[in-house]
Every structure is written in C-alpha cells, then in structure tokens.
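# Observations on the model geometry
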Amino acid sequence: MQRFLMRRAILTVATLWLVSVLIFMMARIGGDPSTLLIDDYASAQTLQELRESLGLDKSWPEQYWVFLTHALRGDFGISIVQKQPVGSLIVQRIPATLHLGLVAFLFSLAVGIPLGVLSSLKRGSLVDRLSKVVGLIGQSAPPFWIGIMLMFFFAVKLGWVAPSGREEATSIILPAITLGWFNVAANMRLMRSAMLDVLDSEYIKLAKAKGVSNTMVVWKHAFRNALIPPLTFAGITLGGLITGSLVAEVVFAWPGLGQLAFLAVRDSDYPLLQGVVIAFAAAYLATAFLVDILYAYIDPRIRFT
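I will try to describe carefully the structure that is included in this document. Keep in mind that what you see is a predicted model, and the values were worked out from it rather than measured.

A word on the overall build of the protein. When helices and strands are tallied, the protein shows 15 helices and 0 strands. In the protein, which comprises 305 residues, the share counted as buried stands at 40%. The contacts of the protein with a sequence gap of at least 6 include a subset with a gap of at least 24, amounting to 74%. Summing over all exposed atoms, the protein offers an accessible surface of approximately 17,000 Å²; the carbon and sulfur share of this is 68%.

One can find T178 in helix α8 (residues 173–199). Apart from the residues within four sequence positions on either side, T178 is in contact with P143, I146, G147, L150, A248 and F252.

Attention shifts here to a nonpolar patch on the surface. A cluster of nonpolar side chains, F144, W145, I148, L246, V247 and F262, forms an exposed patch at the surface whose accessible area comes to about 530 Å². Those elements that place two or more of their residues in the nonpolar patch are α7 (143–157) and α12 (246–251). Among the elements that make up the nonpolar patch, the one with the highest residue count is α7 (3 residues). By secondary structure assignment, the location of V247 is in helix α12.

Of note, the phi angle at K83 is positive, near 60°, even though the residue is not glycine. Following the sequence through the fold, K83 ends up in the loop between α4 (60–71) and α5 (86–121). We note that A253 has phi near 50°; this positive angle belongs to a residue other than glycine. Tracing the backbone through its elements, the reader meets A253 in the loop between α12 and α13 (257–266). Judged by relative accessible area, which is 35%, A253 ranks as partly exposed.

So, on to the nonpolar core. Core analysis: the biggest nonpolar cluster contains 24 residues, and L100, I113, L179, M191, M195, F223 and A226 have the highest contact counts within it. When neighbours within four sequence positions are excluded, F223 is seen to be in contact with I113, V117, M191, M195 and V218. Counting residues in each nonpolar core, the second largest holds 20 residues, with V21, F76, L89 and L272 among its members.

Moving on: the packing of helix α1 (residues 2–29) against α4. Where α1 contacts α4, the two axes come as close as 11 Å, and the packing angle between them is 130°. On the basis of their axis angle, the class for α1 and α4 is oblique. The way α1 lies across α4 gives a crossing that is right-handed. Of the residues in α4, those touching α1 at W17, S20, V21, F24, M25, R28 and I29 are W60, Q63, Y64 and F67. In terms of residue class, the contact of α1 with α4 is built from 8 nonpolar, 2 polar and 1 charged.

This next bit is on the packing of aromatic side chains. The way to describe two aromatic rings as a pair is by their centre distance and the angle between their planes. If you walk through the whole model with that rule in mind, you get 6 aromatic pairs. A centroid spacing of 6.1 Å and a plane angle of 25° characterise the contact between F24 and F67, whose relative ring orientation is stacked. Residue F24 is found in helix α1, and its partner F67 is found in helix α4; the two are separated by 43 residues along the sequence. In this structure F24 comes out as buried when scored by relative accessible area, which is 2%. Assessed through its relative accessible area of 9%, F67 is described here as buried.

On the surface, E49, E52, D57 and E62 cluster together into a negatively charged patch. Looking at the secondary structure, you find E62 in helix α4.

What counts and what doesn't
- Residues numbered from 1 in each chain as written.
- Predicted model: local features only at pLDDT ≥ 70, side-chain atom pairs only at ≥ 80, totals over all residues.
- Heavy atoms only, no water.
- Helix = DSSP H or I, 4+ residues; strand = E, 2+ residues; numbered from the N terminus.
- Buried < 20%, exposed > 50% of the residue type's maximum accessible area, 1.4 Å probe, protein only.
- Contact = heavy atoms within 4.5 Å.
- Areas by Shrake-Rupley, 256 points an atom, 1.4 Å probe, with all protein chains shown as cover.
- Patch = residues over 30% accessible without salt bridge, like charges linked within 9 Å, V, L, I, M, F, W, Y side chains within 5 Å.
- Salt bridge = Lys/Arg side-chain N within 4 Å of Asp/Glu carboxyl O.
- Core = buried A, V, L, I, M, F, W, Y, C linked by side-chain atoms within 4.5 Å.
- Axes fitted to C-alpha atoms, helices over the stretch in contact; angles between N-to-C directions.
- Parallel < 35°, antiparallel > 145°, perpendicular 65-115°, else oblique.
- Left-handed = near helix turned anticlockwise from the far one by under 90°.
- Nonpolar A, V, L, I, M, F, W, Y, C, P; charged D, E, K, R; others polar.
- Phe/Tyr/Trp six-rings, centres within 6.5 Å; stacked < 30°, edge-to-face > 60°.
- Lys, Arg positive; Asp, Glu negative; His and termini not counted.
- Charge placed at Lys NZ, Arg CZ, Asp CG, Glu CD.

See below:
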C-alpha cells in the first residue's frame, strides 16, 4: 500500500512540474509580454527597462528557475495589471470556485442518479424517452449556450433568480446548473445502464422468484450495486467541476478562479495566468490523488496492479 501511494505521489508531483514547464513556455511562445504592456511609440530604452523589471531580459532557463524557486515558496509574482501579489488574488478567489464546484457536484448527483433509476424502471416509457433527451442535450449542447439560455428565461424573463454576481443567495443556482448539467447527463446514463444490467442479472431474478417485494429488490439489491459506476465517475469528475468552471464563471460574472483566468488571458497578464493554471492543476491532481487512495482502500486489486 505504501509503495502504491508513493508511486502515485511521485507521479502527481511530476505532473504538476510538467504543467509548470508547459504553462511557462506557452506564456512566452505567444510573444514578448513586455511589448503588449507598453505604448507602441515607447523608446527602446523604456522597453528594455520594462523587460529588466519583469525579469524578461534573462534566458528562458534562468527565468524558469526564478519562477520555480519562488513558486515553491508560494510566490507567483505580482500581477502586471492588478498590481497585487498573484498568490493573494488566487486565495481570494478560491472560496467562490470551491462553492460553485461543490454545489454543481451535488446538483449532478441529486438529479442525475434519481433520473437514471427512474428511467431504468420505466424502460421504454415517456419518462425514459425524456431522460434520454435530457442526456443528449446535456452532453451535446455547449455550456455557454446553456448558461445564456438559463439566464434569459429564468433571470431576465421570469425574474426568479439573480442573473449574475455572487451577492444574492439565488446567484449560485444558474451557474451551478450550467456547470453541472453535463455531469447530470453522464450520471443519468451511467445509472440507467448500471441499473438495467443489475435488474437483468440472475440474482435479481432469483430474489423475485423467492417472493421478495419489488421495492426491496430495487432499493436494497439493485440500487446499491448499480451505484458503483456513477460514484466512480463522480469521484473522477469532482476535480474537473472545480477546475472547469471558467465558462460558467465568465457567463455569470462569478468571482472565482475561472473568471480570474479569463482576465489574465484578456490582459496578457502572464504572471497571473501562470499562477491560476498551476492552482487549477494542483486542485485537479489533489482530487485525483485522493480518489486513487480511496480506490486502493476499497479494492485491494488496485494496489497490486
């Protein structure tokens, strides 16, 4: 078990290091950031002074070494546009992103799993066909379009919820639905498929033959065994919900890390962009690592594979 966890920890750290290298290079391959931050009519001396102040006059290996050593201490530099430490900007935005991601996660489970169970029990009925439509829309419609349509109907036309921001209690509803809708569809399809497989299994037929009530067969035997695939999927996608919040946050002006990343790209604020991407990667990898640990405890075969 310890060897398994050690391997996973080393792989996680190596992946995070690789992400830091890639984001560092991508921030510079797009061009010299200093030319985007200065007037077109500025002198060469002014441009050189700006490059020196940002540390861009050094070679890429030197720049990366400075970036890495500072990042290990939690120092991601100063935002070029906002003139604040990148670390403090990230810390300020983390609670909003975690709030949105967790609510979207709970929404995807609370809607997707019951809908999948109902669809499997009403196989071929109108409910089953409507569930398939929900799954098709959830897995094919672009998230930004879903967000805009939800905002138009429920916030603008009906006025039931707040259209954007985080000031009101209802502000979380529309961005959480937008972010979690894809996983609602995925959980519904997984749960439906798993329930159908279990309901057609021999031990379920035997239980029915022995006179066990249909309610007992469904909820005590079939449901518990069918939960394994959707819960596995939920554990894997929890990190994805937290790190994939950019579209929902931008559409609904939600003040989280996704919106911060959008501002960094828009303003060519490369220190801020580097910090936000690394924060997203660390959150996703930490979640995946915790899921690996959970799997290893649940299924001993994983430890020895």
